[in-house]
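Structural features, examined
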Amino acid sequence: MDIVCVPAGILRANSYLLTQDGKDAVLIDCGGPEPLAEAKRRGLAVRAVLLTHGHFDHIGGCAALQGAGARIGCSEAELPLIFSQDNLAAEVGVRIPPFTVDFTFRGGDELDLCGIRFSVIAAPGHTPGGVCFRTEGALFTGDTLFCGSVGRTDFPGGSGAQLQDSVRRLLALPGDLPVYPGHDEPTSLAYERKYNPFR
């Protein structure tokens, strides 16, 4: 599986293009139009967008991807946040072009998209319905777990206790998966188990 990180939107949040065959791709998070342009440059057709959570810096490009044929998926529990002022777009003066959610999922669900199997991990704390995605060789943590840090909990619906529980469950996953967070550089479970002060 090939993984390409595409910083997107005004906060340059990490979006990830995943492809198994070099033709069809899944995008994890979509902060702006940049992932669509990168996919076209690489000759990839994005078939689905999986959202880790609904803050503006992770959903701003969904309309563009949906217009290009991608289906948008998010956690069932995150739907109320995505389409409310709690997505924080108004706080920073950003307008989110309208889009619809085509399918939803819950923690524990398994998704098969473009030849890639995703395990959905419920990870509330940064937002009420946030999730992480585990594939055979990677863990995509959105704004739950960063290199040496964790997501903020002072936004609407945030919970420090829930976030701590979510982080501990991620760090308890077997093996040393590479970790691809929603901001900043990638890390690994082994590194975070040893050095993350919030472990």
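Described in the following lines is the structure provided in the data block. (Residues numbered from 1 in each chain as written. Predicted model: local features only at pLDDT ≥ 70, side-chain atom pairs only at ≥ 80, totals over all residues. Heavy atoms only, no water.)

What follows concerns the overall build of the protein. Counting its regular elements, the protein contains 6 helices and 14 strands. For the protein, the C-alpha radius of gyration of 15 Å lies close to 16 Å, the compact-globule estimate for 199 residues. On the principal axes, the C-alpha backbone points of the protein span a range of 40 × 40 × 25 Å. For the protein, the computed accessible surface area is about 8700 Å², with 50% contributed by carbon and sulfur atoms. For the protein, the separation between the mean place of its 17 positive charges and that of its 23 negative charges on side chains is 3 Å. (Helix = DSSP H or I, 4+ residues; strand = E, 2+ residues; numbered from the N terminus. Rg over C-alpha atoms; globule rule 2.2 N^0.38 Å. Areas by Shrake-Rupley, 256 points an atom, 1.4 Å probe, with all protein chains shown as cover. Lys, Arg positive; Asp, Glu negative; His and termini not counted. Charge placed at Lys NZ, Arg CZ, Asp CG, Glu CD.)

Once that is clear, we can look at the nonpolar core. The tendency in soluble globular proteins is for nonpolar side chains to be buried as a group. By size, the foremost hydrophobic cluster in this structure holds 24 residues, and its most contacted members are Leu-17, Val-46, Val-49, Leu-51 and Leu-65. Elements with a contribution of two residues or more to this core: strand E1 (2–8), strand E3 (24–28), helix H1 (34–41), strand E4 (45–50), helix H2 (56–59), helix H3 (62–67) and strand E5 (71–75). Among residues more than four places away in sequence, those in contact with Leu-51 are Asp-29, Cys-30, His-58, Ile-59, Cys-62, Ile-72, Gly-73, Cys-74, Ile-82, Phe-105, Val-131 and Phe-133. Counting residues in hydrophobic clusters, the runner-up holds 17 residues, among them Leu-18, Leu-113, Ile-116 and Ala-138. (Core = buried A, V, L, I, M, F, W, Y, C linked by side-chain atoms within 4.5 Å. Buried < 20%, exposed > 50% of the residue type's maximum accessible area, 1.4 Å probe, protein only. Contact = heavy atoms within 4.5 Å.)

Let us look at H1. Within H1, the full set of buried residues consists of Pro-35, Leu-36, Glu-38 and Ala-39. Down the axis, H1 shows its buried residues gathered within 165° of arc, on one side only. The outward face of H1, more than 90 degrees from its buried face, is lined by the exposed residues Lys-40 and Arg-41. Along its buried surface, H1 packs onto E1, strand E2 (13–19), E3, E4 and H3. Gly-43 lies just past H1 and shows a positive phi near 75°. (Arc of directions from axis to C-beta.)

Once that is clear, we can look at the packing of aromatic side chains. Going through the model one piece at a time under the given rule, you end up with 8 aromatic pairs. With a centroid separation of 6.2 Å and an interplanar angle of 55°, the aromatic rings of Phe-103 and Phe-105 are classed as tilted. Just as Phe-103 is buried, Phe-105 falls in that class too. Relative to Tyr-180, the ring of Phe-140 lies with its centre 5.2 Å away and its plane at 20°, an arrangement referred to as stacked. (Phe/Tyr/Trp six-rings, centres within 6.5 Å; stacked < 30°, edge-to-face > 60°.)

Looking now at helix H5 (residues 160–171). Residues lying three or four places apart along an α-helix face the same way, a consequence of the helix completing one turn every 3.6 residues. Across its 12 residues, H5 extends 16 Å between first and last C-alpha, which sits within 8% of the 16 Å expected from 1.5 Å per residue. Three or more residues of H5 are buried, namely Leu-163, Ser-166, Val-167, Leu-170 and Leu-171. For H5, the angular spread of buried residues about the axis comes to 130°, placing them on one side. Buried residues in H5 make contact with strand E8 (116–122), strand E9 (131–135), strand E10 (138–142), strand E11 (145–146), strand E12 (149–150) and helix H6 (189–195). (Expected span 1.5 Å × (residues − 1).)

Attention shifts here to the pairing of strand E7 (residues 110–113). By the alternation rule, side chains of E7 split into Leu-111 and Leu-113, which are all buried, and Glu-110 and Asp-112, of which none is buried. Judged from the 4 bridges that link them, E7 and E8 form a sheet pairing that is antiparallel. Looking across to E8, one finds that Glu-110 is bridged to Ser-119. What sits between the antiparallel neighbours E7 and E8 is a turn of 2 residues, in which Cys-114 has the positive phi angle 55°. (Pairing = 2+ DSSP bridges.)

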